[in-house]
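Residues per chain are reported as follows:
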Amino acid sequence: MEKVAITYENGEVFQHFGRSPQFKIYSIENNKILSSEIIGTGESGHGELVGILTSYGVKILICGGIGAGAKNMLSEAGIIVYAGASGPVDSQVEKLLTGKLDFYREVTCNSGHCRHH
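Bear in mind that the values here come from a model prediction, so they are computed numbers and not experimental data.

### Re the nonpolar core
Piece 1. Counting 18 residues, the largest nonpolar core has Phe 17, Phe 23, Leu 53, Leu 61, Ile 66 and Leu 74 as its most contacted members.
Piece 2. Where this core is concerned, the elements lending two or more residues are β3 (22–29), α1 (46–55), β5 (58–62) and α2 (68–76).
Piece 3. With four residues, α1 is the single largest residue contributor to this core.
Piece 4. Setting aside its immediate chain neighbours within four residues, Phe 17 contacts Thr 7, Phe 23, His 46, Leu 49, Val 50, Leu 53, Leu 61, Gly 65, Ile 66, Ala 70 and Leu 74.
Piece 5. Ranked by size, the runner-up nonpolar core spans 15 residues in total, among them Ile 6, Ala 85, Leu 97 and Leu 101.

### Regarding the pairing of β5
Piece 1. Here β5 lies mainly inside the structure; four of its five residues are buried.
Piece 2. As defined by bridge partners, strand β1 (residues 2–9) adjoins β5 across four bridges and the pair is classed as parallel. Its bridge partner lying in β5, Val 4 is registered against Ile 60.
Piece 3. Pairing of β5 with strand β6 (residues 80–82), which is carried by three bridges, proceeds in the parallel orientation. When the sheet's bridge partners are listed, Ile 62 is paired in β6 with Tyr 82.
Piece 4. At this point the chain moves from β5, through α2, to the parallel β6, and the crossover so formed is right-handed.

### Comments concerning the pairing of β3
Piece 1. In terms of residue burial, β3 counts as a mostly covered element, since six of its eight residues are buried.
Piece 2. With seven bridges joining them, β1 and β3 adopt antiparallel strand pairing. Bridging across to β3, Lys 3 finds its partner in Ser 27.
Piece 3. Where β3 meets strand β4 (residues 32–40), eight bridges bridge the pair, whose relative direction is antiparallel. Pairing of Tyr 26 across the sheet is with Ser 36, part of β4.
Piece 4. In textbook terms, the turn of a hairpin is the stretch between consecutive antiparallel strands, and for β3 and β4 this stretch comprises two residues, one of which, Asn 30, has a positive phi near 50°.

Thresholds applied
- Residues numbered from 1 in each chain as written.
- Predicted model: local features only at pLDDT ≥ 70, side-chain atom pairs only at ≥ 80, totals over all residues.
- Heavy atoms only, no water.
- Core = buried A, V, L, I, M, F, W, Y, C linked by side-chain atoms within 4.5 Å.
- Buried < 20%, exposed > 50% of the residue type's maximum accessible area, 1.4 Å probe, protein only.
- Helix = DSSP H or I, 4+ residues; strand = E, 2+ residues; numbered from the N terminus.
- Contact = heavy atoms within 4.5 Å.
- Pairing = 2+ DSSP bridges.
- Right-handed = clockwise from strand over helix to strand, strands pointing away.

Following this line, the structure appears as C-alpha cells:
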C-alpha cells in the first residue's frame, strides 16, 4: 500500500506547503484509492510538516507552491514531490493515478506568494 498526501483546505489544494493547515492522506493499492483521511497540522513549520508526513508513511506529496528548502527536506525523507497542482484534491489524486497530473518540476514560494516556472 502506498500513501499519498495533498496540502488541503476546504477540498482544494492549499497553495503554500509550509503553511498548510491540513493534509488529506490517501491509502492507495493497485492504483485504486482504498481510503483517505484529513489530518490537521496545527502551527507546524516546514520541518514538522515533513515529520508529520513521514510518521504517516507518506511517499508522495502533491502540493501547490513549495520552497527549495522544504523540497530538499522532503526529498531527503524519501518523499516524491509533485508541485504546482491546484483545484479539488480528489481529482488531483485521480490524475496522478492515471498519469495525467499537471505539475511543475521547479516551483518556488517567496513570502507566501507562489510562482510556477
